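Descriptive structure summary
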Amino acid sequence: MTSMQRFDPFREMRHFTRMMNHPLWGARWGEPLDDDVEHAVDAWSIPMDVRRDDKALTVVASLPGFGSDDVDVSISPDRLLSVKASRTSEVAHEGKEYLMRERRAGSFSRAVRLPTDLNLDDAAVALEHGVLTVTVPVAEAAQTRRLPIQGAATSDSA
């Protein structure tokens, strides 16, 4: 079974070290060990990008195959943005069996702590083509404002 994972240049070295220290050293290379928790966490987490500019903080999450009824987005009072998605398993059809099954069923979740200078009341959420976008504007008090300079309007040129 294959899964997409974020690139980590040291993952193979950690896996090799665990293989060498494992009591059943004869396990086949590439198979996850029982204690290979990191592999399971990477495969079941929601990939996210978080970016910020002067106007807003934007979180973009990949949720391919999920509809808006399958996804729950919430912001807790302690400023924790939580994205949860769940998918149920398909019902088996009589007389048909799977030769290969890679689409997972279950619950997926991810949480991000938000900065204190955001206006949480004006947060917006959109789900389009499997891409979830959460936009939280920066509070006006925290935005950069240009201040006028008082005094002479001309510059000194000699």
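The sections below set out a description of the structure shown in this document.

Parameters and conventions
- Residues numbered from 1 in each chain as written.
- Predicted model: local features only at pLDDT ≥ 70, side-chain atom pairs only at ≥ 80, totals over all residues.
- Heavy atoms only, no water.
- Helix = DSSP H or I, 4+ residues; strand = E, 2+ residues; numbered from the N terminus.
- Buried < 20%, exposed > 50% of the residue type's maximum accessible area, 1.4 Å probe, protein only.
- Contact = heavy atoms within 4.5 Å.
- Areas by Shrake-Rupley, 256 points an atom, 1.4 Å probe, with all protein chains shown as cover.
- Pairing = 2+ DSSP bridges.
- Axes fitted to C-alpha atoms, helices over the stretch in contact; angles between N-to-C directions.
- Salt bridge = Lys/Arg side-chain N within 4 Å of Asp/Glu carboxyl O.
- Core = buried A, V, L, I, M, F, W, Y, C linked by side-chain atoms within 4.5 Å.
- Phe/Tyr/Trp six-rings, centres within 6.5 Å; stacked < 30°, edge-to-face > 60°.
- Lys NZ or Arg CZ within 6 Å of the ring centre and 35° of its normal.

Brief notes about the overall build of the chain
A count of helices and strands for the chain gives two helices and seven strands. Along the chain direction, N to C, the helices and strands of the chain fall in the order α-α-β-β-β-β-β-β-β. A buried classification covers 22% of the 158 residues belonging to the chain. In the chain, 50% of the contacts between residues at least 6 apart in sequence involve partners at least 24 apart. Carbon and sulfur atoms form 54% of the exposed surface of the chain, whose accessible area is close to 12,400 Å².

Description of the sheet that holds strand β7 (residues 131–137)
Spatially, β1-β2-β7-β6 is the arrangement adopted by the four strands of the open sheet, whose pairing is antiparallel. Each edge of the open sheet is held by one strand with a lone partner, namely β1 (48–52) and β6 (124–128). The mean inter-strand angle of the sheet, taken between neighbouring strand axes irrespective of direction, is 15°. Where β6 meets β7, five bridges bridge the pair, whose relative direction is antiparallel.

Here we look at the environment of Phe 66
Of note, Phe 66 is situated in the loop between β2 (56–62) and β3 (71–75). A relative accessible area of 11% places Phe 66 in the buried class. Separated by 64 residues in sequence, Phe 66 and Gly 130 have C-alpha atoms that sit 6.3 Å apart. Excluding residues within four positions of it along the chain, Phe 66 makes contact with Val 71, Ala 85, Ser 86, Arg 87, Phe 108 and Leu 127.

Digging into the pattern of salt bridges
Across all of its chains, the model carries two salt bridges by this definition. Across the pair Asp 117 and Arg 52 runs a salt bridge whose closest N-O atoms are separated by 2.5 Å. With Asp 117 in the loop between β5 (106–113) and β6 and Arg 52 in strand β1, this pair connects stretches of sequence that are 65 residues apart. Judged by its relative accessible area of 41%, Arg 52 is partly exposed. In this structure, the salt-bridge partner of Arg 113 is Asp 78, at a minimum N-O distance of 3.4 Å. Remark: Asp 78 occurs in the loop between β3 and β4 (80–87) and Arg 113 occurs in strand β5; sequence separation between them is 35 residues.

What about the nonpolar core?
Leu 63, Val 71, Val 83 and Leu 132 are the most contacted members of the largest nonpolar core, which totals 19 residues. Residues within four places of Leu 63 in sequence aside, it is in contact with Ile 46, Val 71, Val 83, Ala 85, Gly 130 and Leu 132.

A word on the pairing of β4
Pairing analysis gives five bridges linking β3 to β4, with the strands arranged antiparallel. Opposite Asp 72, over in β4, you have Lys 84 as the bridge partner. Here β3 folds back onto β4, and the loop between the two strands holds four residues, one of which, Arg 79, carries a positive phi near 70°. Looking at chain direction, β4 and β5 are connected through eight bridges and run antiparallel. From the neighbouring strand, Leu 81 faces β5, where its bridge partner is Val 112.

Focus: the packing of aromatic side chains
Scanning all chains against the criterion turns up one aromatic pair. Centroid distance Phe 66 to Phe 108: 5.8 Å. Interplanar angle 80°. Geometry classified as edge-to-face. Pair noted here: Phe 66 is in the loop between β2 and β3 and Phe 108 is in strand β5, with a separation of 42 residues, a long-range link. Just above the ring of Phe 66 sits the side chain of Arg 87; from NZ or CZ to the centre is 4.2 Å.

Interpretation note: all reported values are geometric properties and have no functional meaning in isolation.
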